[in-house]
Amino acid sequence: MANTIGVEQSLSNVEAALKAKGYQVVQLRSEADAKNCDVCVITGQDDNVMGISDTTVKGPVIDATGLSADEVLDRVEKLFH
């Protein structure tokens, strides 16, 4: 089964990069979207708007602020390898 990555809607470039590498990507629109994700990628602009900092997410949360899509992809890949 592919690793599932939750990505905030505004990070379309990150979403495209992850999909190109074969990851299953879910857009984070609500707290429920994050429940089955192995990793969540957020912008950090709206801190805790979706409750991401609580126990909804069992895996790591990557703050993509200031990172390129390739840098986010590199961080995700390090988590799984």
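Each remark here, short or long, concerns the structure printed above.
What you see is a predicted model; the values in this text were computed from it and never measured.

> Give a description of the nonpolar core that names residues and reports values.
Counting residues in hydrophobic clusters, the biggest one holds 16 residues, and the most contacted among them are Ile5, Val7, Val14, Leu18, Val41 and Val76. Where this core is concerned, the elements lending two or more residues are strand S1 (4-8), helix H1 (12-20), strand S3 (39-42) and helix H3 (69-80). When residues of this core are assigned to their parent elements, the largest contribution, four residues, is made by H3. Beyond its immediate stretch of four places on either side in the chain, valine 14 contacts Val7, Val41, Ala69 and Val72. Of all hydrophobic cores here, the second largest spans five residues; its members include Leu28, Cys37, Cys40 and Ile42.

Scoring rules and cut-offs
Residues numbered from 1 in each chain as written. Predicted model: local features only at pLDDT ≥ 70, side-chain atom pairs only at ≥ 80, totals over all residues. Heavy atoms only, no water. Core = buried A, V, L, I, M, F, W, Y, C linked by side-chain atoms within 4.5 Å. Buried < 20%, exposed > 50% of the residue type's maximum accessible area, 1.4 Å probe, protein only. Helix = DSSP H or I, 4+ residues; strand = E, 2+ residues; numbered from the N terminus. Contact = heavy atoms within 4.5 Å.

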